[in-house]
Structure formats: C-alpha cells, structure tokens
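As a plain string of letters, each chain reads:
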Amino acid sequence: MSDMRLVVVGAGGRMGRQLVQAITEMSGVTVCAAIEREGSKFLGQDAGTLAGVGELGVPLTDDPLAAFVKAEGVLDFTRPDATVGFAELTAQARIVHVIGTTGFDAAHEAKIEAAARHARIVKSGNMSLGVNLLAELVRSAARALDEDFDIEIVEMHHRHKVDAPSGTALLLGEAAAGGREIDLKARSVRVRDGHTGERPVGDIGFASLRGGSVVGDHTVILAGEGERIELTHKAQDRAIFARGAVKAALWARRQKPGLYSMVDVLGL
Ligand SMILES: NC(=O)C1=CN([C@@H]2O[C@H](COP(=O)(O)OP(=O)(O)OC[C@H]3O[C@@H](n4cnc5c(N)ncnc54)[C@H](OP(=O)(O)O)[C@@H]3O)[C@@H](O)[C@H]2O)C=CC1
Ligand SMILES: O=C(O)C1=N[C@H](C(=O)O)C[C@H](O)C1
C-alpha cells in the first residue's frame, strides 16, 4: 500500500510541528500539505524547516479545501471553531480526520458527530498510550470502590494552554463516571470558591493548574477515610501525542465512516 498522504492543520503550532516531525520519522505516511490560518506569519514557510526536520518542499498555505481533496487524512490539533470547519471539509472529502483539539462545547460536539456520518474521525483529548491505559485503570478503580471514596482530578499544564479542565482531565472524569455508572455532567464540580459547604457524596471534582512549560500532568485521586489512592500520568514529550495521532490515522484508513476514540485505535 502506498504511503498515506496526510495534511497537518495548525502546522506552525506546538503540536503541528511535532506532527510534521512524527510523520517524517514514521513509516507508511507522508506530509502532503500543511495549513495555517489566513494572515498567519507562517504562511509560505516550509513545514519541515519549521518542524526542524529539514526542508520537505511543503509550504504552509491557508487553503484547506485544495489540500484535503488531494489527501487521505488530516491531523488536527488547533482550536474548536477551526476543527468544526475542518470536519465539514473532511466529511465532504470523505477522508480520515484525527482530532486532538480540546475545549469543545456541546454545539461543536454535535457538528463533529454529524461530520462523522461521512468522515472517519478519531477524536481524543489525549492521544498517548499511557493516558488511555490510565483511563481504563481509573474506570476499574471507580467501579471497585464505592462512593465512600471521593474522586478528584488534578491537572497541570504550561502557561500557554487556553482551555480548562484539560481534555484529558475530562476523559479521565468520563472513565471514573463510567466505572460508577453516573452521568459526569450532572456530578462534576469544576470550580470551588468561597463558602462551598461540605463536599456532596458522589461528586467528581476538577482542579486546573497552569504554569511554566509543563507538557501535561494528570492525577486521579480516590480519597477514602484513612487512605487515598492516586493514579498519575506525566507527559514529558509532546512526541507521544503526535505518534499516537499518526497511528490513529493509519488505523482509521481501514475503517468505515464513524466517530472513534483512541480506545478503539489501541484496542484497550
Ligand atoms: N489530544 C491530545 O493528545 C493533545 C491535544 N492538544 C490540544 O491541541 C490543541 C493545540 O495545542 P497546541 O499545539 O499546544 O496549540 P498552539 O496554539 O501552539 O497551536 C495551534 C495552532 O493552530 C492554529 N490555528 C488556529 N486556528 C486555525 C485555523 N482556522 N486554521 C489553521 N490553523 C489554525 C494556530 O494558529 P494561531 O496561533 O495563528 O491562532 C496555531 O498555530 C489544543 O486544543 C490542545 O489542548 C495538545 C496536545 C495533545
Ligand atoms: O494543551 C496541551 O498542551 C495539552 N492538551 C491536551 C489536554 O487538554 O488534555 C492533552 C495534553 O495534556 C496536552
């Protein structure tokens, strides 16, 4: 089979550059186009040079439609509004769309679900093997321990991150809620301030820290009377997310249109 032709959108960003690097280092894939938005200072620059892997002969453009019609897949770690726009185009082109972007609201999610009627979409708040395995451990722990164990999720990221809680924290929250067979939206507490009263039994709490260059730390705490379990993942290199995204694209190439997660890709 020929190399899968991939477009990197947001190619000038932190993850965009990692994705270009991962594609050049992994077999079975090639960068066929790289996109940034209109007016970006990166337009015209070579995607490989920007990523530090040498010139690839792929200049950044602001024309996703022209790029997608010649591609088999899109790797997208950008912003929610941009991702929804790209999903409409990947649906029209009937190609693979790997979505790492986080911070979606319900309206964004509905549009992505609609696009998945035609596109093969893999979407996850975290593309690493470690976090997706951690989510399965959290699900088992939450199932095994009853509501006497309070669940709190703490995350820390670099100072440039724009959304909170992180997509990963929400993914871990969904896993915990799944283990407990409760609805996360109805039971999550995202902010505490002032006289909050005692902690309601069964809630799942979130706390977000921001600072420095932290790639991504997540801890799920199950706190009982007299004992506490802490399940932690620390990302040390963004390459883990980029490699996961490329794996997801290669996996989705063989699937029917639909909305998939990294659990499907990794077979967890
Ligand atoms: N699922 C996972 O495993 C991971 C997910 N993420 C998520 O990925 C996203 C990006 O993170 P990060 O790389 O750190 O952020 P960056 O801000 O560094 O990169 C985002 C890039 O997308 C560009 N962009 C925004 N809108 C458009 C558009 N309409 N068309 C083309 N390009 C656009 C931005 O350009 P400009 O700066 O001009 O706006 C920027 O270059 C975040 O949501 C983050 O949470 C990050 C790591 C792992
Ligand atoms: O913005 C980031 O950097 C990251 N975002 C993802 C998230 O929101 O969980 C994944 C990773 O933690 C890095």
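Residues numbered from 1 in each chain as written. Chains lettered and ligands numbered in written order. Predicted model: local features only at pLDDT ≥ 70, side-chain atom pairs only at ≥ 80, totals over all residues. Heavy atoms only, no water.

Take the side chain of E36 next. Tracing the sequence through the fold places E36 in the loop between β2 (29-35) and α2 (47-51). For the buried E36, which has no salt bridge, the nearest side chain bearing the opposite charge is R37, at an N-O separation of 5.3 Å. At 3.0 Å, the side chain of E36 forms a polar contact with the backbone nitrogen of G12. (Helix = DSSP H or I, 4+ residues; strand = E, 2+ residues; numbered from the N terminus. Buried < 20%, exposed > 50% of the residue type's maximum accessible area, 1.4 Å probe, protein only. Lys, Arg positive; Asp, Glu negative; His and termini not counted. Salt bridge = Lys/Arg side-chain N within 4 Å of Asp/Glu carboxyl O. Polar contact = N/O pair within 3.5 Å; in protein donor to acceptor, adjacent residues only side chain to side chain.)

Let's shift gears to the UniProt feature "domain: Dihydrodipicolinate reductase C-terminal" (unreviewed entry) in the chain. Annotation from UniProt places "domain: Dihydrodipicolinate reductase C-terminal" (unreviewed entry) at residues 130-266. Helix makes up 38% of residues 130-266 and strand 28%. Its end C-alpha atoms lie 11 Å apart. (UniProt positions renumbered as here; feature names shortened; annotations may be inferred.)

To continue, consider the pattern of salt bridges. All told, the structure shown has 12 salt bridges when counted by the stated rule. Residue E72 is joined to R253 by a salt bridge in which the shortest nitrogen-to-oxygen separation is 3.0 Å. Of the two residues, E72 sits in the loop between α3 (64-68) and β4 (73-76) while R253 sits in the loop between α9 (239-252) and β12 (258-260), which places them 181 residues apart along the sequence. Across the pair D217 and K234 runs a salt bridge, and its minimum N-O distance is 3.9 Å.

A few words now on the environment of R120. Looking at the secondary structure, you find R120 in strand β6 (residues 120-123). Taking relative accessible area as the criterion, R120 reaches 17% and is therefore assigned buried. As for R120 and E55, which are separated by 65 residues in sequence, their C-alpha atoms are 30 Å apart. The contact partners of R120, leaving out residues within four places of it in the chain, are R94, I95, V96, H97, A252, R253, Q255, K256, P257 and G258. A distance of 3.1 Å separates a polar atom in the side chain of R120 from the backbone oxygen of R94. (Contact = heavy atoms within 4.5 Å.)

A few words now on the pairing of strand β7 (residues 150-157). Sheet topology note: the β7/strand β10 (residues 216-224) ladder contains 7 bridges and is antiparallel. Each residue of the ladder has a partner; that of V154, found in β10, is T219. As paired strands, β7 and strand β9 (residues 204-210) are joined by 7 bridges and run parallel to one another. Opposite I151, over in β9, you have I204 as the bridge partner. (Pairing = 2+ DSSP bridges.)

Time to look at the nonpolar core. Core analysis: the largest hydrophobic core is formed by 37 residues, its most contacted members being I23, L75, V98 and V122. Looking at this core, the elements that each hand over two or more residues are β1 (4-9), α1 (14-25), β2, α2, β5 (96-99), α9 and α10 (262-266). Per-element accounting of this core gives the leading share, 8 residues, to α9. Residues V138, L184, V220 and L222 belong to the second largest nonpolar core, which totals 22 residues. (Core = buried A, V, L, I, M, F, W, Y, C linked by side-chain atoms within 4.5 Å.)

Glancing now at the UniProt feature "binding site: NADP(+)" (unreviewed entry) in the chain. Here, UniProt's "binding site: NADP(+)" (unreviewed entry) annotation points to R37. Taking relative accessible area as the criterion, R37 reaches 67% and is therefore assigned exposed. Not counting residues within four places of it along the chain, the set of residues in contact with R37 comprises L43 and D62.

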